[in-house]
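What the coordinates show
Chain residues, written in single-letter form:
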Amino acid sequence: MLRLISRVYWACSRWTLSTEPAPTRPTVLLGVPHTSNWDFVLMLGIAWRLGMHVRWLGKSSLFHGWRGPVMRKLGGIPVDRSDPSRVVGDVVARIRSGETFGLVVTPEGTRGTGDYWKSGFYRIARDAGLPVTLGYVDRTTMTTGLGPTIELTGEVRADMDVIRAFYADKSGLRPELRTEPRLREEDSPSAAA
């Protein structure tokens with residue numbers, strides 16, 4: 001049913017789905033640039049069209065009241081922003097317990113502009129031994145989809161150079177709110193180690 005809904009969506013949408021095939025194993029799926037709430041609709045459309053089982057991280061306030069069951073049904077995992085250190089461990093535990101899914105992460109952490117991405121996606125991928133799939137939204141070409149799936153090497157700066165190169169020409173829905181792909185950890189002396 002979800003695939004049918006997504007086919008109708010893509011047939012009627014102004015957006016073009018231009019994607020590589022869905023990964024065949026669990027992955028951390030980046031949703032970038034994250035500049036609008038519409039990114040969520042596009043992400044669901046991509047996942048449903050490709051038949052991917054996805055989970056996503058969302059601020060805990062999205063799960064209050066009547067929205068909670070809906071958000072969980074759509075794959076949401078609530079994140080307590082007052083204790084973000086638990087998120088990585090919780091997600092890695094889910095994966096190690098055998099739960100299979102693509103974990104959608106918006107590393108910008110907000111729809112507003114910032115100086116750095118949140119590094120949780122990187123730590124989850126490394127700790128769980130998962131690849132990273134580069135999902136994107138590009139308003140300039142009105143395309144969205146999945147780019148390549150990459151294996152992280154543990155050399156933060158080198159890995160982020162690959163990610164930066166892919167996203168260099170991707171604008172998001174609101175280009176003025178785009179955050180350049182950069183982790184705080186790249187500025188540390190051990191980033192290239």
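The coordinates are above.
Throughout what follows, the structure given in this document is the object of discussion. (Residues numbered from 1 in each chain as written. Predicted model: local features only at pLDDT ≥ 70, side-chain atom pairs only at ≥ 80, totals over all residues. Heavy atoms only, no water.)

**Focus on the overall build of the chain**
Each helix and strand in the chain was counted, giving six helices and seven strands. Moving toward the C terminus, one meets the helices and strands of the chain in the order α-β-β-α-β-α-β-α-β-α-β-β-α. Relative to the compact-globule value of 16 Å for 193 residues, the chain shows a C-alpha radius of gyration of 16 Å, a close match. Oriented by its inertia axes, the alpha-carbon framework of the chain measures out at about 50 × 35 × 30 Å. Buried residues in the chain amount to 46% of all 193 residues. Long-range contacts, defined as pairs at least 24 residues apart, comprise 71% of the intrachain contacts of the chain with a sequence gap of at least 6. Looking at the chain as shown, the accessible area adds up to about 10,000 Å², and 55% of this sits on carbon and sulfur atoms. (Helix = DSSP H or I, 4+ residues; strand = E, 2+ residues; numbered from the N terminus. Rg over C-alpha atoms; globule rule 2.2 N^0.38 Å. Buried < 20%, exposed > 50% of the residue type's maximum accessible area, 1.4 Å probe, protein only. Contact = heavy atoms within 4.5 Å. Areas by Shrake-Rupley, 256 points an atom, 1.4 Å probe, with all protein chains shown as cover.)

**Re the packing of helix α1 (residues 2-12) against helix α2 (residues 38-50)**
At a closest axis distance of 8 Å, the pairing of α1 and α2 adopts a crossing angle of 120°. Our classification of the angle between α1 and α2 gives oblique. α1 and α2 meet at a crossing whose hand is left-handed. Residues Leu2, Arg3, Ile5, Ser6, Arg7, Tyr9 and Trp10 of α1 form the contact with α2, whose participating residues are Val41, Leu42, Gly45, Ile46, Trp48, Arg49 and Leu50. When grouped by side-chain class, the residues that make up the contact of α1 with α2 number nine nonpolar, two polar and three charged. (Axes fitted to C-alpha atoms, helices over the stretch in contact; angles between N-to-C directions. Parallel < 35°, antiparallel > 145°, perpendicular 65-115°, else oblique. Left-handed = near helix turned anticlockwise from the far one by under 90°. Nonpolar A, V, L, I, M, F, W, Y, C, P; charged D, E, K, R; others polar.)

**Here we look at the environment of valine 88**
Along the chain, valine 88 turns up in helix α4 (residues 85-96). Separated by 40 residues in sequence, valine 88 and alanine 128 place their C-alpha atoms 9.5 Å apart. Those residues within four positions of valine 88 in sequence are excluded, and the remaining contacts are Gly120, Arg123, Ile124 and Asp127.

**With respect to unusual backbone geometry**
When glycine is set aside, most residues are seen to have a negative phi, and most peptide bonds are trans. Cis peptide bonds are those with omega within 30 degrees of zero, and the linkage from valine 32 to proline 33 qualifies with -15°. Structurally, proline 33 is set in the loop between β2 (27-32) and α2. Its identity is not glycine, yet methionine 142 carries a phi of approximately 55°, on the positive side. Relative to the elements of secondary structure, methionine 142 occurs in the loop between β6 (132-138) and β7 (143-150).

**Overview of the layout of surface pockets**
In this structure, the second largest pocket encloses a volume near 160 Å³. What lines the second largest pocket is Leu2, Leu44, Trp48, Met52, His53, Val54, Arg55, Lys73, Leu74 and Gly75. Going through the elements one at a time, α2 and β3 (54-59) are the ones with two or more residues in the lining of the second largest pocket. Residues belonging to the lining of the second largest pocket are distributed by class as follows: six nonpolar, two polar and two charged. (1 Å grid on protein atoms, 1.4 Å probe; cavity = no way out; pocket = protein on both sides within 12 Å on 5 of 7 lines; lining within 4 Å. Points joined across faces, edges and corners; volume = space filled by probe spheres on them.)

**Digging into the side chain of threonine 144**
You can see threonine 144 is positioned in strand β7. Residue threonine 144 is classed as buried on the basis of its relative accessible area, which comes to 0%. For threonine 144, the residues in contact, after removing those within four places along its chain, are Trp10, Trp15, Thr16, Leu17, Ser18, Leu42, Ile46, Tyr136 and Val137.

**Topic: the pattern of salt bridges**
Per the stated rule, a full pass over the model turns up seven salt bridges. Between arginine 164 and aspartate 161 there is a salt bridge, and its shortest N-O distance comes to 2.7 Å. Here arginine 164 and its partner aspartate 161 are both found in helix α6 (residues 156-167), three residues apart, which amounts to about one turn of the helix. Residue classification places aspartate 161 among the partly exposed positions, given a relative accessible area of 42%. Note that glutamate 186 is salt-bridged to arginine 182, the shortest N-O span being 3.5 Å. Accessibility expressed as a relative area gives 1% for glutamate 186, which makes it buried. The class for arginine 182 is partly exposed, based on a relative accessible area of 29%. (Salt bridge = Lys/Arg side-chain N within 4 Å of Asp/Glu carboxyl O.)

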